[in-house]
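# Remarks on the overall topology
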Amino acid sequence: MSFERALNVFDLERMAKRRLPAGVFGFISGGAQDDRTRNNNRAALDRLRFKPRGLVDIAERGQDVTVFGHRFASPFGIAPMGIAGIARFEADIAMARAAARMNVPYVLSNMSTVPMEAVARSCDSVKWLQAYLPADRERSVRFVARAAAAGFQALLVTIDVPVGANRENNLRSGFTLPLHVTPRVIADGLLHPRWLTGVLLRTLAATGVPRLENSAAHDRPSILAAQNADLRAGGATIDWAFMRWLREEWRLPLLIKGVLHEADAREAVACGLDGVVVSNHGGRQLDGAVAPVEVLPEIVAAAGGRLTVIADSGFRRGGDILKGLALGAQLVLCGRPLLYGAALGGEAGVAHALQLLKAEVDRDLALLGATGIADLASADLLGALAKALPDGAAAP
Ligand SMILES: Cc1cc2nc3c(=O)[nH]c(=O)nc-3n(C[C@H](O)[C@H](O)[C@H](O)COP(=O)(O)O)c2cc1C
């Protein structure tokens, strides 16, 4: 079935599950350990309920938002996803182009297999870069200079991967980094011929064994290379002192991604950072961590209007995005659904997923009796559950 027939992003997920080898699909869809945090991301959003207003003239409404001086057409964007190229040939470029077409933000992961310069050149739009930076300041400063030269306008430093997560589903399927080409991995590929020819063989023919072209910790390591296991943090991990130093090196918008504690939002303000991404990495890091919507109110309060607050993890419907915004986020990022769109239809598949979310945001805004995004946070549109909890916490 073609991706155009998907009525929502859950349909895209089901279709992608059929298209991709089990190990690849498991790598994308899975969380850490028992998937408690991944599953609770959805449950926490479901627990929130709307309290819509009626008899509002909603004939003229808009969903645009302005973030870091750029007016985006919708209040959501694409979260950074490493080694997206395993789902589609040059998936990073497909996602960047679709985001540009829809005028929504796209965040490139520095764990991607396409050089950041090629992604930057692929479309004329605002581009943000996410990075796992090593504590080695020389390497980090070289990396940020490269990012600035390539034209990236915001840097998101991921802080929730001080060590790799325990993703047992990947260990079971054999899909780990570095990739071990086992008989099981080979059989999985052979059973999915469209993926084998359209993704694997095409990539091997075009570039050879993929390399992490934008790694800050190592020089273009191959995804088969042994040293990859520790390439994110490069040994020693970064800390707040590092962020204060980085603030001086990178003068454009600087954010940390993976914040779940209000004290970290206060530290971010103290370091002079520009924003935080409230995220549990889609449930892929600490299993048992809270959902972003469970802590957004405290973090927004701690930010005190001095940080741009972005949320991700589990947002799948326009209504979910509006819940995040009603709790005080200025923007929501979605991850997996866009990579499923890319796997199925490249740029057009990603654009289809974005279009579905955009239509849902528009319809739900009208059903809520709201005409724009700006007043969502103050409009008191969430039900008793959100309000009954101490300190405005969003859900039990
Ligand atoms: C396949 C995949 C790869 C990811 N790679 C990265 C990465 O390189 N850097 C990062 O900060 N987050 C990464 N993430 C996490 C996403 O940026 C985001 O936090 C998460 O996917 C949001 O949750 P959602 O997928 O439920 O929307 C990845 C997520 C997935 C699914």
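Residues numbered from 1 in each chain as written. Predicted model: local features only at pLDDT ≥ 70, side-chain atom pairs only at ≥ 80, totals over all residues. Heavy atoms only, no water.

### Some points on the overall build of the chain
We count it as follows: Secondary structure counts use DSSP, requiring at least four H or I residues in a row for a helix and at least two E residues in a row for a strand, with both numbered from the N terminus. Atoms counted for the radius of gyration: C-alpha only. Globule rule: 2.2 Å times residue count to the power 0.38. Relative accessibility under 20% of the residue-type maximum defines a buried residue, over 50% an exposed one, and the middle range a partly exposed one, all with a 1.4 Å probe and only protein chains included. Note on contacts: a residue pair is in contact if any heavy atoms of the two residues lie within 4.5 Å. The method behind every accessible area is Shrake-Rupley, applied with a 1.4 Å probe, and residues are considered shielded solely by the protein chains displayed.
Scanning the chain from terminus to terminus reveals 15 helices and 10 strands. Here the C-alpha atoms of the chain give a radius of gyration of 20 Å, agreeing with the 21 Å that 2.2 N^0.38 yields for 396 residues. The principal-axis extent of the C-alpha atoms belonging to the chain is close to 60 × 50 × 40 Å. Every one of the 396 residues in the chain was classed for burial, and the buried ones make up 57%. If you take every contact in the chain between residues at least 6 apart in sequence, the share linking residues at least 24 apart comes to 73%. Here the chain displays about 16,200 Å² of accessible surface, and carbon together with sulfur accounts for 53% of that area.

### Some details on the pattern of salt bridges
The condition that has to hold: Counted as salt bridges are all cases of a side-chain nitrogen of Lys or Arg within 4 Å of a carboxyl oxygen of Asp or Glu.
Enumeration according to the criterion identifies 16 salt bridges in this entry. In this structure, the salt-bridge partner of Arg38 is Asp35, at a minimum N-O distance of 3.4 Å. Residue Arg38 is classed as partly exposed on the basis of its relative accessible area, which comes to 24%. Ionic pairing is found between Arg42 and Asp46, a salt bridge with its closest N-O pair at 4.0 Å. Here Arg42 pairs with Asp46, and both are found in helix α3 (residues 36-47), just 4 residues apart, close to one helical turn. Judged by its relative accessible area of 22%, Arg42 falls in the partly exposed class.

### Digging into the nonpolar core
How we decide: Joining through side-chain atoms within 4.5 Å is the link that ties buried Ala, Val, Leu, Ile, Met, Phe, Trp, Tyr and Cys residues into a set, and such a set is a nonpolar core.
Among the nonpolar cores identified, the biggest contains 125 residues, and Met95, Trp128, Leu155 and Leu246 are the most heavily contacted of them. In terms of residues, this core owes the most to one element, helix α14 (residues 336-368), which gives 14 residues. Ignoring any residue separated from it by four or fewer positions in sequence, one finds Leu155 in contact with Leu129, Ala131, Phe143, Val144, Leu246, Trp250, Pro253, Leu254 and Leu255.

### Thoughts on helix α11 (residues 262-270)
Defined as follows: An arc is given here, and it is the one of the directions from the helix axis to the C-beta atoms.
The set of residues buried in α11 consists of Ala265, Ala268 and Val269. For α11, the angular spread of the buried residues around the axis is 100 degrees, confining them to a single face. Contact partners of the buried residues in α11: α10 (240-249), β7 (254-259), β8 (275-278) and α12 (292-303). In the stretch just after α11, Gly272 is the one whose phi turns positive, near 75 degrees.

### With respect to the site of the ligand
For clarity, the threshold we go by: Nearness of a residue to a molecule or strand requires only that one of the residue's heavy atoms be within 4 Å of it. N or O atoms closer than or at 3.5 Å make up a polar contact, with two conditions inside protein: a donor-capable atom paired with an acceptor-capable one, and, for residues adjacent in sequence, both atoms drawn from side chains.
Around the ligand sit 23 residues, and of these Pro80, Gly82, Ser109, Thr158 and Arg316 come closest. Here His281 contributes a side-chain N or O atom positioned 3.2 Å from a nitrogen atom of the ligand.

### Description of the packing of aromatic side chains
For the record, the criterion: Classification of ring pairs uses Phe, Tyr and Trp, with its six-membered ring standing for Trp, and accepts pairs whose centres are within 6.5 Å; under 30 degrees between planes counts as stacked, over 60 as edge-to-face, and the remaining range as tilted. Criterion for a charge above a ring: Arg CZ or Lys NZ at most 6 Å from the ring centre, at most 35 degrees from the ring normal.
Under the defined criterion, the tally for this structure stands at 5 aromatic pairs. Seen in terms of ring centroids, Phe68 and Trp128 are 5.8 Å apart; in terms of plane orientation they differ by 65 degrees. Their pairing is edge-to-face. One end of the pair, Phe68, is in the loop between β1 (65-67) and β2 (70-72); the other, Trp128, is in strand β5 (residues 127-131), and 60 residues separate them in sequence. Look at Phe68 and you get partly exposed, because its relative accessible area is 28%. Ring centres of Phe72 and Trp128 lie 5.8 Å apart, and the angle between their planes is 90 degrees; this geometry places the pair in the edge-to-face category. Placement of Phe72 in strand β2 and of Trp128 in strand β5 is noted, with a sequence separation of 56 residues between them. What makes Trp128 buried here is its relative accessible area of 2%. For the cation-ring pair, Lys323 lies above Phe50, with the distance from its terminal atom to the ring centre recorded as 5.4 Å.

### Overview of unusual backbone geometry
The residue Ser313 is not glycine, and still its phi comes out positive at about 105 degrees. Position of Ser313 among the secondary structure elements: in the loop between β9 (308-312) and α13 (318-326). Using a relative accessible area of 7% as the deciding quantity, one classes Ser313 as buried. Even without glycine at this site, Asp380 takes up a positive phi of about 60 degrees. Tracing the backbone through its elements, the reader meets Asp380 in the loop between α14 and α15 (384-388).

### Re the packing of helix α1 (residues 9-19) against α14
The line we're drawing: Here the axes come from fitting lines to C-alpha atoms, over the contacting stretch only for helices, and the angles between their N-to-C directions go from 0 to 180 degrees. Orientation labels follow simple angle bins: below 35 degrees gives roughly parallel, above 145 gives roughly antiparallel, 65 to 115 gives roughly perpendicular, and whatever is left gives oblique. Nonpolar residues are Ala, Val, Leu, Ile, Met, Phe, Trp, Tyr, Cys and Pro. Charged residues are Asp, Glu, Lys and Arg, and all others, Gly as well, are polar.
Interhelical geometry of α1 versus α14 gives an angle of 175 degrees and a closest axis separation of 10 Å. In terms of their interaxial angle, α1 and α14 are classed as roughly antiparallel. Judged by residue contacts, Val9, Leu12, Glu13, Met15, Ala16 and Arg19 of α1 engage Pro337, Tyr340, Gly341, Ala343, Leu344, Ala353, Leu356 and Leu357 from α14. Tallied by class, the residues present in the contact of α1 with α14 amount to 11 nonpolar, 1 polar and 2 charged.

### As for the environment of Val9
Positionally, Val9 belongs in helix α1. Since its relative accessible area comes to 4%, Val9 is described here as buried. Residues Val9 and Arg336, spaced 327 residues apart in sequence, show a C-alpha to C-alpha distance of 9.3 Å. If sequence neighbours within four positions are ignored, Val9 has contacts with Arg316, Pro337, Ala353, Leu356 and Leu357.

Keep in mind these values describe shape, not function.
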